[in-house]
Structures are given as C-alpha cells and as structure tokens.
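Analysis of the macromolecular model
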Amino acid sequence: MSSSIDTTNIAEDKYTAVRRDIVKILPKEDYDDGSLGPVLVRLAWHASGTYSRHDRTGGSNGATMRFGAEASDPANAGLDIAREALEPIKAKYPWISYADLWTLAGCVAIEAMGGPKIPWVS
C-alpha cells in the first residue's frame, strides 16, 4: 500500500523555519554596522573554503571550526561571534547539522541584505 502523503515540502518547511529564525538574529545594533549578516557570510565562506572540487574533499562537512585548532586559526578571528549567535538556532533545531546551519545562514544573510536568492541544498 502506498502512502498518499505528499512529502515533497516537508524538508522545505523545516528549512523555512530555520531561515526565518536566522533572519531574526541579523539585526544587532551593537555589532559592527548593526548587522550580523556580513559575519555570517564570512562564517559560511571560511567553513566551506577548503572544499576541493577535484577530489570532493574538505568544505563545511563536519563543521570543524567548532574545535579549537581551527577556531583559533588567525584567519577565523571573530567568527566565534557568528557561531555563538547561531547556537540558539542549533538548539531549537537539533536535526540540522552545524555545517548546514552555517552555510544556510550565509545564504540567508546575503538574501536578507538585498543580494540574490541563493539555491542552497543540504
């Protein structure tokens, strides 16, 4: 017996709620220009920056910036602010990986700051 439940939008609905919560944390009057948007983009960039399309290794998988060796790398200075800002969202949606949360946050930030819609996939 086949199910008549349409599951095509279930994942989309989950991510839509996460997107909304990311947008809510963007305004931060006492930070830089008043927005966490740029630092979220930087977090997504740095978390994904080691990806090699040639051998498909590296990238945001594993979110290794959570750990001391990478978190303390001088190139990642200040990204703790973005990671900490996203922690309540991670706690609210424990099913989302850190890697997905960080890259989704970067895409949402670009869109919220007036940039293009970015086709993001988990």
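Up top is the structure these notes are about.
Below is a short write-up of the structure. All values derive from a computational prediction rather than experimental measurement. Numbering of residues begins from 1 in every chain and follows the order in which that chain's sequence is written. For this predicted model, a pLDDT threshold of at least 70 governs which residues receive local features, and a threshold of 80 or more governs which side-chain atom pairs are given and counted, while totals over whole chains, interfaces and linings are taken from all residues. To obtain the side-chain values, all non-hydrogen atoms of the structure were used and water was disregarded.

1. Re the overall build of the chain
Where helices and strands are cited, they refer to DSSP runs of H or I of at least four residues and of E of at least two residues respectively, numbered from the N terminus. Each helix and strand counted, the chain has five helices and zero strands in total. Scored against the burial criterion, the 122 residues of the chain give a buried share of 36%. By definition in these notes, contact holds between two residues if any of their heavy atoms fall within 4.5 Å. Counting only contacts in the chain whose residues sit at least 6 apart along the sequence, the fraction spanning at least 24 positions is 60%. Residue-level accessible areas treat just the shown protein chains as cover; the underlying method is Shrake-Rupley with a 1.4 Å probe. Total accessible area on the chain stands at roughly 7700 Å², and carbon and sulfur atoms take up 56% of it. A simple rule labels every residue: compare its accessible area, found with a 1.4 Å probe on the protein chains alone, to the largest value its type can have, and call it buried under 20%, exposed over 50%, or partly exposed in between.

2. Observations regarding the environment of Ser97
Along the chain, Ser97 falls in the loop between helix H4 (79-92) and helix H5 (98-112). Distance from Ser97 to Ser122, taken between C-alpha atoms, is 9.1 Å for residues 25 residues apart in sequence. Counted as a polar contact is a pair of N or O atoms within 3.5 Å, where, for protein atoms, one must be capable of donating a hydrogen and the other of accepting one, and residues adjacent in sequence contribute only when both atoms are in side chains. Within the structure, Ser97 has its side chain in polar contact with the backbone nitrogen of Asp100 (distance 3.0 Å).

3. Digging into the packing of aromatic side chains
Classification of ring pairs uses Phe, Tyr and Trp, with its six-membered ring standing for Trp, and accepts pairs whose centres are within 6.5 Å; under 30 degrees between planes counts as stacked, over 60 as edge-to-face, and the remaining range as tilted. Per the counting criterion, the structure on display carries four aromatic pairs. Look at Tyr15 and Trp95: their rings are 5.3 Å apart centre to centre, the planes differ by 80°, and that puts the pair in the edge-to-face class. Taken as a pair, Tyr15 in helix H1 (residues 10-25) and Trp95 in the loop between H4 and H5 lie far apart in primary sequence, 80 residues in all. Ring centres of Tyr15 and Trp120 lie 5.0 Å apart, and the angle between their planes is 65°; on these two criteria the pair is classed as edge-to-face. Taken together, the residues span a long stretch of sequence, with Tyr15 in helix H1 and Trp120 in the segment after H5 at a distance of 105 residues. Ring pairs connect the aromatic residues Tyr15, Tyr93, Trp95 and Trp120, which therefore count as one cluster. Two thresholds decide whether a charge sits over a ring: the Lys NZ or Arg CZ must be within 6 Å of the ring centre and within 35 degrees of the ring normal. One cation-aromatic arrangement involves Lys14 over Trp95; the distance from NZ or CZ to the ring centre is 4.2 Å. Against the face of Tyr98 rests Lys90, its NZ or CZ located 5.0 Å from the ring centre.

4. Describing the environment of Ala85
Mapped onto the fold, Ala85 is located in helix H4. Overall, Ala85 belongs to the buried group, its relative accessible area being 18%. On a C-alpha basis, the gap between Ala85 and Leu26 in space is 9.1 Å, while along the polypeptide they are 59 residues apart. Apart from the residues within four sequence positions on either side, Ala85 is in contact with Ile25 and Leu36.

5. Looking at H5
Expected helix span is taken as 1.5 Å per residue step, with the number of steps being one fewer than the number of residues. Here H5 contains 15 residues, and its C-alpha end-to-end distance of 20 Å stays within 8% of the 21 Å for a straight helix at 1.5 Å per residue. Counting buried residues along H5, 12 of its 15 residues qualify, which places the element largely inside the surrounding structure. Positioned one or two residues after H5, Gly114 has a phi angle of 100°, which is positive.

6. Notes on the packing of H4 against H5
The angle between two axes is taken between their N-to-C directions and runs from 0 to 180 degrees, where each axis is a line fitted to C-alpha atoms and a helix contributes only its stretch in contact. Their axes nearest at 11 Å, the elements H4 and H5 cross at an angle of 115°. Our pair here, H4 against H5, has a crossing hand that is right-handed. Within the contact between the two elements, H4 uses Arg83, Leu86, Glu87, Ile89 and Lys90 and H5 uses Tyr98, Leu101, Trp102 and Ala105. Each residue is assigned to one of three groups, with Ala, Val, Leu, Ile, Met, Phe, Trp, Tyr, Cys and Pro labelled nonpolar, Asp, Glu, Lys and Arg labelled charged, and all others, Gly among them, labelled polar. Residues belonging to the contact of H4 with H5 are distributed by class as follows: six nonpolar, no polar and three charged. For any helix crossing, the convention is left-handed if the near helix is rotated counterclockwise from the far helix by under a right angle, and right-handed if that rotation is clockwise.

The values are spatial; any link to function lies outside them.
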